[in-house]
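Structural overview
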Amino acid sequence: MNSLPEIHGRPAGDASSGLRLLRQDGAARRILVTGGAGFLGSHLCERLLGQGHEVLCVDNFTTGRIRNLDHLRRRPNFKVVRHDVSLPLTIDVDEIYNLACPASPPDYQADPIQTMRTSVLGALNLLELAKTRGIKIFQASTSEIYGDPHVHPQPESYWGNVNPVGPRSCYDEGKRCAETMFFDFHQQHRVEIKVARIFNTYGPRMRPDDGRVVSNFIVQALKGNDITIYGDGSQTRSFCFVDDLIDGFVRLMASPPSFTGPVNLGNPEEFTVRELAERVIALTGSRSRIVHRPLPVDDPRQRRPDISLAMGELDWQPKIPLSDGLAQTIAYFDRLLISESQELAETA
Ligand code: NAD
Ligand code: UDP
């Protein structure tokens, strides 16, 4: 990872210079994916490369891992650059997907000021780049925009119920501010924007220690450790498998310029956290016990997307049921834990 090229200071220079020349037939584009070494970003890079595009991944590797990209790094139309998006960057690209930001509550709360810098300054820098180059830009926004919602399920028209000074605020308010900037650049500078409000998504390449509920429960079940339900487990979430979500990203980016979002992308099937724990135990055949831990401050009570807008405008809805997605995710973590224990045994 240390050998990765970096973009230093400002202006950043042309980090895309190592890529092949862009095909001029209009089909293949040179696409910047920020946060491309993370869970969602790595799947997006893979999808875009599969469609024949050139992809430049920019990441500072705080929560992302280079191993997420190992299978892509030999491709001639793929390049990885280390850079913090809160610093300006100048790159020759045709489209931007901005995914850079830690997403798991323990990750984004570990350094709240940096989380806010990433969301706000990162969005500003990338919007400036989009404005200068006259290109369209996608923002990975979040259901956290709705906070602890009083309206259920959540439509895009709901303004939300967010605590501005709690432990989740660095993330929630940072993402809200980024959305505001996206719409201001659109109105003031005619920048073409695509804003997706992503609901809880899971799948292979989540970090086993990222602290999110799906990864925690699966890893705990596979190791035979206690499964930690925060609170009584009656709070709800709606879990979308990563492949479905990436379909939504690509459809949103391909939508007409008049469609800006914000648009909810998520699976409208709603489960309590207790139901999720029971599913994971059943699918893994684990003997883990369920234990209860304190509910984190400001933990939303319920969350479920109203996806009518995505269905109407993007002809999109998730296809992969929770049990199928969980089975694929369990198989991924199973392989990962086995390979990690083999590596440990070899170095012992
Ligand atoms: P992740 O933590 O796996 O990925 C985030 C990536 O951004 C990592 O590779 C990290 O190193 C990188 N990053 C963080 N700060 C950066 C910075 N300052 N400069 C450059 N790179 C930086 O999280 P994820 O689940 O893949 O989430 C990706 C995006 O989607 C985030 O913006 C997140 O807010 C959004 N989102 C995700 C979910 C979900 O359920 N996964 C839900 C809502 C929104
Ligand atoms: N949660 C839990 N046990 C865990 C991790 C999370 O009960 O080990 C709960 C958490 O309190 C929340 C839900 O699961 O109610 C989803 O948490 P996650 O961190 O995955 O995402 P959030 O939607 O809160 O951002």
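Structure first, text after, so check above.
We now turn to the structure provided with this report. (Residues numbered from 1 in each chain as written. Chains lettered and ligands numbered in written order. Predicted model: local features only at pLDDT ≥ 70, side-chain atom pairs only at ≥ 80, totals over all residues. Heavy atoms only, no water.)

**Structural notes on the sheet that holds strand β6 (residues 193-198)**
Strand order in this open sheet of seven strands is β3-β2-β1-β4-β5-β6-β11, and the pairing throughout is parallel. If you trace the sheet from one side to the other, it starts and ends with β3 (78-82) and β11 (263-265), each paired once. For this sheet, the mean angle separating the axes of adjacent strands, direction not counted, is 20°. When strand β5 (residues 136-142) meets β6, the two strands line up parallel, connected through six bridges. Across the sheet, residue T142 finds its bridge partner in β6, namely I198. Sheet strands touched by helix α1 (residues 39-50): β1 (30-34), β2 (54-59), β3, β4 (95-98) and β6. Its angle to β1, the strand with the most contacts, is close to 170°. Relative to the sheet, helix α3 (residues 112-133) contacts β1, β4, β5 and β6, its axis offset from that of β4 by approximately 170°. (Pairing = 2+ DSSP bridges. Helix = DSSP H or I, 4+ residues; strand = E, 2+ residues; numbered from the N terminus. Axes fitted to C-alpha atoms, helices over the stretch in contact; angles between N-to-C directions. Contact = heavy atoms within 4.5 Å.)

**Details of the pattern of salt bridges**
Counted under the stated rule, the structure contains 20 salt bridges. We note a salt bridge from D247 to R47, for which the minimum N-O separation is 2.5 Å. Highlighted residues: D247 in helix α6 (residues 242-253) and R47 in helix α1, separated in sequence by 200 residues. Under the relative-accessibility criterion, R47 is labelled partly exposed at 25%. Between K131 and E128 there is a salt bridge, with its nearest N and O atoms 3.7 Å apart. Taken together, the positions of K131 and E128, both in helix α3 and three residues apart, correspond to about one turn of that helix. Residue classification places K131 among the partly exposed positions, given a relative accessible area of 36%. The network of salt bridges with common partners includes E144, R168, R237, D299 and R303. (Salt bridge = Lys/Arg side-chain N within 4 Å of Asp/Glu carboxyl O. Buried < 20%, exposed > 50% of the residue type's maximum accessible area, 1.4 Å probe, protein only.)

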